[in-house]
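Descriptive analysis of the structure
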Amino acid sequence: MSTASSTESSSTEPSSAVPVAGPGEPVEERADRTPGRFMALVDRFAPALGAYAVVKAIGLTVFLMLLEHTGDYLKKQPGRGGGAHSWDVLGTWDGVWYQRIAENGYDPQLIELHGFPLATYYENSSAFFPLYPWLMRLVGAVTGLGPYGSGIAVSVLASLVAAAGIFAVAERLGGFRAGVIAAVIWGLFPGSGVEWAVYSDSLFVALSAWACYCVMTRRWLAAGLLALVAGLNRPTAAALIAAVSIAALVALVRRTDGVARPLTAMLITPWGLFGYVAWVGWRMGDWGGYFKLQRGAWNRYFDFGASTVRTVMDVITGHWDFWQSNPVPDLIAIALLIALPGLLVLLARARPPLVLWVFTALTVFTALSSNQIFGNISRYLLPAFPLCIGLAVALRKVRTSSLVGLFAMPVIAAGWYAGYALFELGIP
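Just so you know, these numbers come straight off a predicted model, no measurement behind them.

A look at the overall build of the protein chain
Summing up its helical and strand segments, the protein chain has 19 helices and two strands in all. The globule rule puts the C-alpha radius of gyration for 428 residues at 22 Å, and the 21 Å found for the protein chain is close to it. Viewed in the frame of its principal axes, the protein chain has a C-alpha envelope of about 70 × 50 × 50 Å. Taking all 428 residues of the protein chain together, the buried fraction comes to 55%. For the protein chain, restricting intrachain contacts to residue pairs at least 6 apart in sequence, the fraction spanning at least 24 positions comes to 75%. In the protein chain, the 29 positive side-chain charges and the 25 negative ones have mean positions that sit 7 Å from each other.

Written out as structure tokens, the structure is:
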């Protein structure tokens, strides 16, 4: 594991404004062919975004075909994997809550619930952070789209921004080709079915990837602001806040970027997260109200991995009587956990800067140390985009024709394991 700070790794890298050449192609040729800053950016990011969009479109098509094939969504409750059309499934589960918030806002309350062994409070929309539904409302106001359409629009656009950020980070570690491959792998990752659904995951990864990139390029104020905004999107932004703050602290101690910029980044990062949790507590009349709601209504809380260990043992021994057992998503989660050490080894070989290590480690820790739906581990690890980068760097020397063959089946299968398995065979 590399212990070098992000600022050290960035000093010898090319500026983000300079077009990066593809394999065997001089930078000068690409710069000559794409005069102007805008066209240089298009030339730089278009291959990654194009490849990402293609694999996502194929996966989404397979997902919808599977839905139409079974027709099970017609038999399920709207909002719980059902709807009048196959594409309505993309707005179910958490998507229903985001649409309600975009339409009606919040009314934070703790209302006691009796007669249920695992629930002590009624569910309330304040468990869902506000940035994504705010953007849904904004897009709806500008375009006239309803909550569902605006939610899909925000997610798709955010996923492209996320893919661009992943490309930019991977490009600095392994070159142009590794960046394109990393964006594709993120689009095929287990759990990636929520990237083009009414879910906030794509927006969070977009903010996280670019915050890490800003740390790597020593843009401390931008990194701090992105982490602050991410804190308004998901509670797991705590991992990003810690990663940016620790990297800034290292830079501050080593005096590599002065004092003001890294110190300011450290000071501003947590206030989006803290502010929302405090606001919910204030409105509920209980400063711990957000956490009581998460545990009492959704049965989500830290248990330092006890439930994960129990569930893993149940799944591998063929027991399906635990809370929220979903056999197919659970087996996919087991497969991902088996692959996880290998992905971490490949990431270590790419020698990532400190900010990526901290963010990845805390994201993995958060996913595995909480009591939650086990089959959703594939989704909870989706923000750990550096896991895709190590594999991409390892594959960067593989010929394009071989890569197409290697990814052909995952591109098709992703519509099942990353989409259908979560939305119809589980609860994302």
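Some words on the nonpolar core
If you look at the biggest cluster of nonpolar residues, it comprises 126 residues, and the most contacted ones within it are W186, F385, F407 and F423. With residues near it in sequence (within four places) discarded, F385 still touches I166, V169, W186, V205, S208, A209, C212, L356 and F359.

Regarding the environment of A230
Residue placement: A230 occurs in helix α9 (residues 220-230). Sequence separation between A230 and F129 is 101 residues; the distance between their C-alpha atoms is 9.8 Å. Other than its neighbours up to four places away in sequence, A230 contacts F204, L207, A237 and L240.

Some points on helix α3 (residues 37-70)
Here α3 contains 34 residues, and its C-alpha end-to-end distance of 49 Å stays within 8% of the 50 Å for a straight helix at 1.5 Å per residue. The axis of α3 is deflected most strongly, by about 45 degrees, at F45, and proline P47 appears within four residues downstream. Every buried residue of α3 is accounted for by A40, D43, R44, F45, A48, Y52, V55, K56, G59, V62, F63 and L67. G71 sits one or two residues past α3 and shows a positive phi near 70 degrees.

Topic: the pattern of salt bridges
Two side chains bearing opposite charge may form a pair once their charged atoms approach each other closely. Under the definition given, this model contains 11 salt bridges. The salt bridge involving K75 is made with D72; its shortest N-O contact spans 3.9 Å. On the basis of relative accessibility, which here comes to 68%, the residue K75 falls in the exposed class. Assessed through its relative accessible area of 28%, D72 is described here as partly exposed. Here R379 and D201 are joined by a salt bridge, their closest N and O atoms 3.1 Å apart. Taken together, the residues span a long stretch of sequence, with R379 in helix α17 (residues 377-380) and D201 in helix α8 (residues 201-216) at a distance of 178 residues. The exposure classification of R379 matches that of D201, with both residues buried. Taken together, the shared-partner salt bridges connect D94, D201, R234 and R379 into one network.

So, the packing of aromatic side chains
Where two aromatic rings form a pair, the distance of their centres and the angle of their planes describe that pair. Counted under the stated rule, the structure contains 21 aromatic pairs. With a centroid separation of 5.6 Å and 85 degrees between ring planes, the pair formed by F128 and W298 is classed as edge-to-face. With F128 in the loop between α4 (94-104) and α5 (131-143) and W298 in helix α13 (residues 289-298), this residue pair connects regions lying 170 residues apart in the sequence. Since its relative accessible area comes to 12%, W298 is described here as buried. When the ring of W210 is compared with that of Y213, the centres are 5.2 Å apart and the planes differ by 80 degrees; the resulting orientation is edge-to-face. Of the two residues, W210 and Y213 are both situated in helix α8; the distance of three residues between them amounts to about one turn of the helix. The class of Y213 is buried, set by a relative accessible area of 3%. These aromatic residues form a ring-pair network of at least three members: Y106, F129, Y276, W279, Y290 and F291.

Thresholds applied
Residues numbered from 1 in each chain as written. Predicted model: local features only at pLDDT ≥ 70, side-chain atom pairs only at ≥ 80, totals over all residues. Heavy atoms only, no water. Helix = DSSP H or I, 4+ residues; strand = E, 2+ residues; numbered from the N terminus. Rg over C-alpha atoms; globule rule 2.2 N^0.38 Å. Buried < 20%, exposed > 50% of the residue type's maximum accessible area, 1.4 Å probe, protein only. Contact = heavy atoms within 4.5 Å. Lys, Arg positive; Asp, Glu negative; His and termini not counted. Charge placed at Lys NZ, Arg CZ, Asp CG, Glu CD. Core = buried A, V, L, I, M, F, W, Y, C linked by side-chain atoms within 4.5 Å. Expected span 1.5 Å × (residues − 1). Bend = angle between axes of the 7 residues up to and from the residue. Salt bridge = Lys/Arg side-chain N within 4 Å of Asp/Glu carboxyl O. Phe/Tyr/Trp six-rings, centres within 6.5 Å; stacked < 30°, edge-to-face > 60°.

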